[in-house]
Amino acid sequence: MSNTKKTLSRTSQNILKIDTFSCVRCGLTVSAAAGDGIRRNHCPSCLHSQHVHDHVEGGPSDCQSRMSPIAIAVLRTGDWMVIHRCVRCDELTSSPICADDNQLILMRIAVRPLAQPSFPLETFGDL
Amino acid sequence: MPRRSRSAHERARANRRPQRHKDVLHRQGGHRANDFRCVGCRLDVSSDAPGTTHRNHCPNCLASLHVDRRIPGDRAASCRGRMEALSMSVRPDGEWMIIHQCRSCGELSANRIAGDDNALILVRLAVKPLRDPGIARRVFLVP
């Protein structure tokens, strides 16, 4: 029994290893497995994702449209999460970043609130 | 250069989507029926906010309550958990949005900031990703 389960998990690992998807925005063909063997859910080049899972109801979503990265969240452990928003139905998801994600775009999302402040930040220099 | 950026800003402001209409009657139930006490800091908050028609978080600690499901103001969620500010995002027109996450079910929501929100807490939230000391190494600023 355990042997069967082992074989199954190894098969799924192998499928993950050879599985690829193409990014809905930039068209880059990416391997589904990230460097450390976990399944990736966004394109490492443009960080865009696809809306395949319904988070409010649960289960697969029938939206299937593009999700664009809008924010960087920091966990208590210091790990970064990228927050995606569906361009069609405005659903939000969060997912951990991978080691080979485009650092330039990650950094651009992280500094965007400070680059476009909605109120003057000069007063904080006095604190 | 500044002139060009200003015109781009004005253009973004001109074709901005108007604030979503809410079907919920806020004035039902009499005077100040929708004032609330914050779940995070117990501050009594009035429902009229400067700059926005939907007060959905505490202006002092930015905590919110998980009451809406998909449409803002529908009050359809049965969770009622506490939602805490997770990160800051910017809309293409320069408007800051707070990303809230529910502490009990993990649901995310994005809300506009109000005019009387605590600016210090907002800026702390915005610089949170940049506080990490390993970040300079990650973006190859230092070897």
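The structure this text deals with has already been given above.
Asks: An account of the overall build of chain B is requested, with residue identities and associated values reported.
Replies: A count of helical and extended segments in chain B gives three helices and six strands. Secondary structure of chain B in N-to-C order comes out as α-β-β-β-β-β-β-α-α. Within chain B, buried positions represent 32% of all 143 residues. Within chain B, counting contacts between residues at least 6 apart in sequence, those at least 24 apart form 37% of the total. Working note: accessible area of chain B is about 9100 Å², and carbon and sulfur atoms make up 52% of it.

Asks: Tell me about the nonpolar core, and please be specific about residues and values.
Replies: Membership of the largest hydrophobic core is limited to 11 residues, which are F119 of chain A together with L62, M88, V90, W96, I98, I113, L122, V123, L125 and A126 of chain B. Of all the elements in the fold, those that place two or more residues in this core are strand 4 (82–90), strand 5 (96–102) and helix 2 (119–126) of chain B. Beyond its immediate stretch of four places on either side in the chain, V123 of chain B contacts F119, L121 and F124 of chain A. Counting residues in each nonpolar core, the second largest holds nine residues, with A71, A73 and M81 of chain A together with I99 of chain B among its members.

Asks: Could you give me a rundown of the pairing of strand 5 (residues 80–86) of chain A, with the residues and numbers involved?
Replies: Residues and elements named next belong to chain A. Of all the seven residues making up strand 5, six are buried; the element is thus mostly covered by neighbouring parts of the structure. Inspection of the sheet shows strand 4 (residues 66–74) paired to strand 5 by seven bridges, in the antiparallel sense. Among the inter-strand pairings, M67 is bridged to a residue of strand 5, identified as C86. A loop of five residues connects strand 4 with strand 5, the two strands running antiparallel in sequence, and G78 in this loop sits at a positive phi of about 95°.

Asks: Go over the packing of aromatic side chains, please, and point to the residues and values.
Replies: All names here are of chain A. Summed over all chains, the structure comprises two aromatic pairs over all chains. Ring geometry for F119 versus F124: centroids 6.5 Å apart, planes at 50°, classification tilted. For F119, a relative accessible area of 19% corresponds to the buried category.

Asks: So what about the pattern of salt bridges? Which residues, and what values?
Replies: Under the counting rule described, the total for this entry stands at 10 salt bridges over all chains. With a shortest N-O distance of 3.7 Å, R39 of chain A and D19 of chain A are connected by a salt bridge. Highlighted residues: R39 of chain A in the loop between strand 2 (29–31) and strand 3 (49–50) and D19 of chain A in the loop between helix 1 (2–18) and strand 1 (20–22), separated in sequence by 20 residues. E84 of chain B is the salt-bridge partner of R82 of chain B, the closest N and O atoms lying 2.8 Å from each other. Judged by relative accessible area, which is 36%, R82 of chain B ranks as partly exposed.

Asks: Just give me the short version of the sheet that holds strand 6 (residues 108–112) of chain B, but keep the residues and values in it.
Replies: Backbone hydrogen bonds are what pair the strands of a sheet, in a parallel or an antiparallel way. Residues and elements named next belong to chain B. Pairing is antiparallel across the open sheet formed by four strands, whose spatial order is 3-4-5-6. Only two strands of the sheet have a single neighbouring strand rather than two, namely strand 3 (64–65) and strand 6. With seven bridges joining them, strand 4 and strand 5 adopt antiparallel strand pairing. Counterpart to V90 in the pairing with strand 5 is W96. Against the sheet, helix 2 makes contact with strand 4 and strand 5, and its axis sits at roughly 70° relative to strand 4, the strand it touches most.

Each value, and the rule that gives it
- Sequence order sets the numbering: in each chain, residues are counted from 1 along the sequence as written.
- Starting at A for chains and at 1 for ligands, labels are handed out in the order in which the entities are written.
- Side-chain atom pairs in this predicted model are given and counted only at pLDDT of 80 or more, local residue features only at pLDDT of at least 70, and totals for whole chains, interfaces and linings cover all residues.
- Water and hydrogen atoms play no part in the side-chain values, which are based on all heavy atoms of the structure.
- Only DSSP runs of H or I reaching four residues or more are called helices, and only runs of E reaching two or more are called strands; each is numbered from the N terminus.
- Burial classes: relative accessible area under 20% of the type maximum marks a residue as buried, over 50% as exposed, and values in between as partly exposed (1.4 Å probe, protein chains only).
- Between two residues, a contact is recorded if the distance between any of their heavy atoms is within 4.5 Å.
- Residue exposure ignores everything except the shown protein chains as possible cover, and the areas themselves are Shrake-Rupley values with a 1.4 Å probe.
- Joining through side-chain atoms within 4.5 Å is the link that ties buried Ala, Val, Leu, Ile, Met, Phe, Trp, Tyr and Cys residues into a set, and such a set is a nonpolar core.
- Whether two strands pair depends on DSSP finding at least two bridges between them.
- Planes of paired rings set the category: under 30 degrees apart is stacked, over 60 is edge-to-face and the rest tilted, where pairs are Phe, Tyr or Trp rings (Trp by its six-membered ring) whose centres lie within 6.5 Å.
- The salt bridge criterion pairs a side-chain nitrogen of Lys or Arg with a carboxyl oxygen of Asp or Glu, the two atoms within 4 Å.
- Note on method: axes are straight lines fitted to C-alpha atoms, helices fitted across the in-contact stretch only, with angles between N-to-C directions ranging 0 to 180 degrees.

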